[in-house]
Structures are given as structure tokens and as C-alpha cells.
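Observations on the model geometry
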Amino acid sequence: SGSSSSSWAQDELAIGFFLDPEPTLANYQLAAGANFTLMVGTTPKNTSEMALQAELCGRTGLKCILGGPPHLSGDACHGSAGNVDPQALPPPSSSVWGYYLQDEPQQQAFPSVKAQQDRLHAAHPGSLVFLNVGPPGHWFGPGSATPAAEAEYIRYLDEVEPDLLSFDCCKLCAMPFY
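Below you will find a few notes about this structure. Here the structure is a predicted model, which is why all the values come from computation and not from measurement.

What counts and what doesn't
- Residues numbered from 1 in each chain as written.
- Predicted model: local features only at pLDDT ≥ 70, side-chain atom pairs only at ≥ 80, totals over all residues.
- Heavy atoms only, no water.
- Pairing = 2+ DSSP bridges.
- Helix = DSSP H or I, 4+ residues; strand = E, 2+ residues; numbered from the N terminus.
- Phe/Tyr/Trp six-rings, centres within 6.5 Å; stacked < 30°, edge-to-face > 60°.
- Buried < 20%, exposed > 50% of the residue type's maximum accessible area, 1.4 Å probe, protein only.

Strand order in the open sheet formed by five strands is E1-E2-E3-E4-E5, and the pairing between neighbours is parallel. In this open sheet, the two strands that pair with only one neighbour each are strand E1 (16–17) and strand E5 (128–132). Bridge count for strand E4 (residues 96–103) against E5 is five bridges, and the pairing is parallel. In the strand pairing of E5, Tyr100 is matched with Phe130.

Structural data, given as C-alpha cells:
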């Protein structure tokens, strides 16, 4: 998709962690050496730690999506970028793609998520606002390939207008590979 308020463009294949390691130069060098390209900021506890993560990504050639600590949003699956003053966040740069807003927002939260996304875009034009949509119904099970599931995705895309479509395929992780 693409929100009309964002001009973010992906310039590199993203291979990253959802739960990134502690932000140390050694950890980031190790990740870069293993051909990871992205850190999704789930460990920083405040904006100064987000700035450190951005600096470490710049020094190691990694990209980052800055989010922040679960304690700011009250849930380990929700980023904090929408809960802080956007002007306090490190600005987009060659290493900072943007900001982690939320993981798997519920349908009733779509208007609020859209408002938070627009606020981040207004403060940081050209940045990515990252959302990870939840699975409608049950992934790869009953209800996953139904008109109702399709309607849920269409509603998400129409109402939120995310910068990109991201979702988990967690059920694949539990499947045996033959």
C-alpha cells in the first residue's frame, strides 16, 4: 500500500530481528557480519537509547526502525513511537528508516493507529511508520481464506493506509519441514 502522507521508499532488502539484541557495537557488528540488514527497535528504553541504536546502525551499515520499550505502551507487542513526542525521536537518516508504531492492531484501534501514524509522518516526512497486521481468523486454518478475512485486510489497508504490508506467518514456524 502506501499512505499519501509518506514518501518512504525501501532501498534494501530487510533481513532482521523482531526482538533485536541489546544495542552494543559488538552485537550490531555480529548481526551485520551475519548479513542481517535491519534492527527493529524493541529494546531501547527511552529516546536516548533510540539515538544510540540509530548511531550503532549507522556505524555498522544496518538500517533500523526505532520503536522503544514495551513499558511505554504497556504491552510487549506494541511499539512506543506513537506514545512519545515525535519531535523527541531521532530523525530519519540513511540508517533510520522510521518508527515502529504497533504490532497487530485490533480493528477498533484502526482510527487511533491512523492518527498516530499521521502524527509521525507530519513530524518526520519521508519516514516509514511500521505496523505489523494481525492474522484474520486463523492463519492457514479455518477462516483464513474467506471473504471475511479478505474484508478485514481490505479494511485495514483502506482505513490505516500503512506504508507497507507486514504480517507474521507464525504457524509456519510450528510446522515440520520434510
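A few words now on the packing of aromatic side chains. Scanning all chains against the criterion turns up three aromatic pairs. Considering the side-chain rings of Tyr100 and Phe130, the 6.0 Å spacing of their centres and the 50° angle between planes classify their relative orientation as tilted. Separated by 30 residues along the polypeptide, Tyr100 in strand E4 and Phe130 in strand E5 bring together distant segments of the chain. A relative accessible area of 1% places Tyr100 in the buried class. Relative to Tyr156, the ring of Phe110 lies with its centre 5.4 Å away and its plane at 65°, an arrangement referred to as edge-to-face. Of this pair, Phe110 sits in helix H4 (residues 110–123) while Tyr156 sits in helix H5 (residues 147–160), and the two are 46 residues apart along the sequence.

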